[in-house]
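Coordinate inspection notes
One letter stands for each residue in the lines below.
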Amino acid sequence: MSVNLKPIVVLISGRGSNLKSLIEQSKNYKIVNVITNNPDAAGLQIAKEHGIPYSSFNRKEFSSLQQFKEAIYKEIDNNKPAYIALAGFMQIIESALIERYTDRIINIHPSLLPKFPGLHTHQQAIKAGVKMHGCSVHLVDEGIDTGAVIAQAEVTVEPRDTEESLAQKVLKREHELYPWVINALTCGEISVSDRKIHYSTIAVRSAEERGFLLIK
Ligand code: GRF
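All figures in this text were calculated on a predicted structure; none of them were measured in a lab. (Residues numbered from 1 in each chain as written. Predicted model: local features only at pLDDT ≥ 70, side-chain atom pairs only at ≥ 80, totals over all residues. Heavy atoms only, no water.)

Let's talk about the overall build of the chain
In plain terms, the rule: Secondary structure elements follow DSSP: runs of H or I of four or more residues count as helices, runs of E of two or more count as strands, with numbering from the N terminus. Computation of the radius of gyration draws on C-alpha atoms, with the globule rule given as 2.2 Å multiplied by the number of residues to the power 0.38. Here the term buried applies to any residue with accessible area under 20% of the maximum for its type, exposed to any over 50%, and partly exposed to those in between, with areas from a 1.4 Å probe on protein chains only. The contact criterion used throughout is that any non-hydrogen atoms of two residues lie within 4.5 Å. Only the protein chains shown count as cover for residues, and the accessible areas themselves come from Shrake-Rupley with a 1.4 Å probe. In summary, the charge assignment counts Lys and Arg as positive and Asp and Glu as negative, without counting His or the chain termini. Lys charges are placed at NZ, Arg charges at CZ, Asp charges at CG and Glu charges at CD.
Looking only at helices and strands, one finds 7 helices and 10 strands in the chain. Radius of gyration (C-alpha) of the chain: 17 Å, near the 17 Å computed for a compact globule of 216 residues. Here the chain holds 216 residues, and the buried ones make up 50% of them. Long-range contacts, defined here as pairs at least 24 residues apart, represent 59% of the contacts in the chain between residues at least 6 apart. Accessible surface, the chain: about 10,800 Å² in total, of which carbon and sulfur atoms supply 51%. Averaging the locations of the 25 positively and 24 negatively charged side chains of the chain gives two centres separated by 2 Å.

See below:
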């Protein structure tokens, strides 16, 4: 591995389309392990196809949720990641891990946070009648989708949009935004300290070109 490529681990629970975009658009990082809490996650196939090591954990093989989570966290530690990227990982992250990886656990969420945290974000957006919707890449803190937002991408909500059509539009932007953020973090164009985000001039310009919003 090139010394300049930062090791990251990606945590998934399902489809893995963001994992795929992170693999295909990696420039400054190397995905050293894909970790899942769901042995049936379709995304594991994507890791296999790309020759990326993966580790699958099955809740049924652990006597408590705590032990299950600790096994997953131990696997993360074994990989010594510079960043942990959550990509559809459906499990609450314990504060012990957040403290161990301060400013280094990143998540993608399908809404313009702080609007619509949690599940069914597209349905929530349609119900609320918003004109703009989108996705956010944010730091993970102890809350649900409450960590500092690093960058967002918007989509317009058309009157004819359904939950499905909106989800598709947002997902397309997710696949552009997430690798962009992880590349920028792993080459230092975006940096984080004490849960505050700092953007280099290059990052600001690059975000503008791509139509991404930076939170300042
Ligand atoms: C994405 O919509 C992501 O924003 C959310 O979970 C979904 C995961 O999709 N956190 P995929 O597994 O990456 O296809």
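Structural notes on helix H5 (residues 121–128)
Keep this limit in mind: Directions drawn from the helix axis to the C-beta atoms are what define this arc.
For H5, the complete set of buried residues consists of Thr 121, His 122 and Ala 125. Angular distribution of buried residues about the axis of H5 spans 100°; they occupy a single face of the element. Considering only its buried residues, H5 is in contact with strand S5 (105–109), strand S6 (132–139) and helix H6 (163–186). At the exit of H5 stands Gly 129, carrying a positive phi of roughly 70°.

As for the packing of aromatic side chains
For any pair of aromatic rings, the description consists of the separation of the ring centres together with the inter-plane angle of the planes. For the record, the criterion: The pairing test for Phe, Tyr and Trp rings, Trp by its six-membered ring, is centres within 6.5 Å, and the orientation test on the planes gives stacked under 30 degrees, edge-to-face over 60, and tilted for anything in between.
Tallied over the full model, the rule gives 2 aromatic pairs. Taking the centre distance of 5.5 Å and the plane angle of 45° together, the rings of Phe 62 and Phe 68 count as tilted.

Regarding the site of the ligand
Quick note on the threshold: Whether a residue is near a molecule or strand depends on its heavy atoms: it is near if one of them lies within 4 Å of it. Polar contacts, as used here, are pairs of N or O atoms within 3.5 Å; protein pairs need one atom able to donate a hydrogen and one able to accept it. Residues neighboring in sequence count only if both atoms are side-chain atoms. Residues are grouped as follows: Ala, Val, Leu, Ile, Met, Phe, Trp, Tyr, Cys and Pro are nonpolar; Asp, Glu, Lys and Arg are charged; all remaining types, including Gly, are polar.
Taken together, Arg 15, Gly 16, Ser 17, Asn 18, Gly 88, Ile 108, His 109, Pro 110 and Glu 174 make up all the residues around the ligand. One of the side-chain nitrogen or oxygen atoms of Arg 15 is found 2.5 Å away from an oxygen atom of the ligand. Ile 108 is positioned with one of its backbone polar atoms (N or O) 2.8 Å from a nitrogen atom of the ligand. Contact with the protein chains removes 85% of the 360 Å² of surface that the ligand exposes when unbound. When contributions to the shell around the ligand are tallied by element, the ones reaching two or more residues are helix H1 (17–24) and S5. When the residues that make up the shell around the ligand are grouped by side-chain class, the tally is 2 nonpolar, 5 polar and 2 charged.

Section: the pattern of salt bridges
Quick reminder of the rule: Here, a salt bridge means any side-chain nitrogen of Lys or Arg that lies within 4 Å of a carboxyl oxygen of Asp or Glu.
For the structure on display, the rule yields 7 salt bridges. Between Glu 24 and Lys 20 there is a salt bridge, with the nearest N and O atoms lying 3.2 Å from each other. With Glu 24 and Lys 20 both in helix H1 and 4 residues apart, the pair spans about one turn of that helix. Arg 210 is the salt-bridge partner of Glu 209, the closest N and O atoms lying 3.8 Å from each other.

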